[in-house]
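Fold and geometry: a report
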Amino acid sequence: MILYAVYFYVRYAVSYRDLEEIMAERSVDVDHATLNRWVVKLSTDLAAEAQKQKRQTANSWRMDETYVQVKGQWAYLYRAVDRDGRTLDFMHSAKRDKAAARRFFKRAISKNGTPDRVAVDKSGANLTGLQAVNLIRKFTGSGRLIRIMQSKYLNNMIEQDHRFIKRITRPTLGFKAFHSAAATLAGIETAHMIRKGQIAANGITGFQQFASLAV
């Protein structure tokens, strides 16, 4: 029942108070604050397991960031998908700069391998962040250089993909703390990966796939 509540929150556009009512309709008496604690506690671990189990992705990436409000201030969600729209990685950041972009690329490469090419928008921070990764690879001899493409057209795919994340986060009206935002966003991204068929389904439902990550 706990996993059901967490999945329902990160998969559908509901508030915690909405979810409290939904659970009550199923004869489960649980406070909205408790629901929040469940989501924050479980989402990060489930997302990590989803990364291990996701299907293989392509070597052509699309990278972009979107805005998320935390404590009344704008923070950033860095995201990358492959050429087929499959989620590669995501990272919540308080800043949008070269250091954050470089950190995201290093993290995404460590989980998915080195891409042949990456498309970014006209953001100077994302470009210089990826160039910094290439510079390190060049001087350390740690692998081939990544081809960088700045193209608004190529990045339309990930900009469209942002919409699912924004639709789910809209009822929250902003997060109250950075750590809870990062955890909740990880859960939302995990549900989105399942929705896109990135976890082997084997004939089971989306919720069953989500619950299997906790086994």
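Right above here is the structure, for reference.
Computed from a predicted model, the values in this text were never measured in an experiment.

**Side note on the sheet that holds strand E1 (residues 60-70)**
Pairing within the open sheet is mixed, and its 5 strands lie in the order E3-E2-E1-E4-E5. Either end of the sheet is taken by a strand with one partner, and the two such strands are strand E3 (87-93) and strand E5 (147-150). With direction set aside, neighbouring strand axes in the sheet form an average angle of 25 degrees. By the bridge criterion, 6 bridges tie strand E2 (residues 73-82) to E3 in an arrangement that is antiparallel. Of the residues in E3, the one forming a bridge with tyrosine 76 is serine 93. In this fold helix H4 (residues 98-112) packs onto E1, E2, E3 and strand E4 (117-120), with an angle of close to 145 degrees to the strand it touches most, E3.

**A few points about the side chain of histidine 92**
When you line up the elements, histidine 92 lands in strand E3. With a relative accessible area of 12%, histidine 92 lands in the buried category. Here histidine 92 is in contact with Val68, Val70, Ala75, Tyr76, Leu77, Phe178, Ala181, Ala182 and Leu185, once residues within four sequence places are set aside.

**A word on the environment of methionine 157**
Tracing the sequence through the fold places methionine 157 in helix H6 (residues 156-169). Methionine 157 gets classed as partly exposed once you look at its relative accessible area, which sits at 32%. A C-alpha to C-alpha distance of 27 Å links methionine 157 and leucine 213, two positions 56 residues apart in sequence. Apart from the residues within four sequence positions on either side, methionine 157 is in contact with Val81, Asp82, Arg83, Asp84 and Gly85.

**Notes on the environment of glutamine 208**
One can find glutamine 208 in helix H8 (residues 206-212). Polar contacts involving the side chain of glutamine 208 include one to the main-chain amide nitrogen of threonine 205, which spans 2.8 Å.

**Here's the deal with the packing of H4 against helix H5 (residues 124-140)**
Close contact between H4 and H5 brings their axes to 7 Å; oriented N to C, the two are set at 55 degrees. Considering the angle they form, H4 stands oblique to H5. Handedness of the H4/H5 crossing: right-handed. Across from Lys98, Ala101, Arg102, Phe105, Lys106 and Ile109 in H4, the residues of H5 making contact are Ala125, Asn126, Thr128, Gly129, Leu130, Ala132, Val133 and Arg137. Classifying every residue of the contact of H4 with H5 by side-chain character gives 7 nonpolar, 3 polar and 4 charged.

**Observations regarding the packing of helix H1 (residues 2-11) against helix H3 (residues 32-53)**
Contact pair H1 / H3: the axes reach a minimum separation of 9 Å and the direction vectors enclose 85 degrees. By the angle between their directions, the pair H1 and H3 is classed as roughly perpendicular. Between H1 and H3, the residues in contact are Ile2, Leu3, Ala5, Val6, Tyr9 and Val10 and Leu35, Trp38, Val39, Leu42, Ser43 and Leu46, respectively.

Rules used throughout
- Residues numbered from 1 in each chain as written.
- Predicted model: local features only at pLDDT ≥ 70, side-chain atom pairs only at ≥ 80, totals over all residues.
- Heavy atoms only, no water.
- Pairing = 2+ DSSP bridges.
- Helix = DSSP H or I, 4+ residues; strand = E, 2+ residues; numbered from the N terminus.
- Axes fitted to C-alpha atoms, helices over the stretch in contact; angles between N-to-C directions.
- Contact = heavy atoms within 4.5 Å.
- Buried < 20%, exposed > 50% of the residue type's maximum accessible area, 1.4 Å probe, protein only.
- Polar contact = N/O pair within 3.5 Å; in protein donor to acceptor, adjacent residues only side chain to side chain.
- Parallel < 35°, antiparallel > 145°, perpendicular 65-115°, else oblique.
- Left-handed = near helix turned anticlockwise from the far one by under 90°.
- Nonpolar A, V, L, I, M, F, W, Y, C, P; charged D, E, K, R; others polar.

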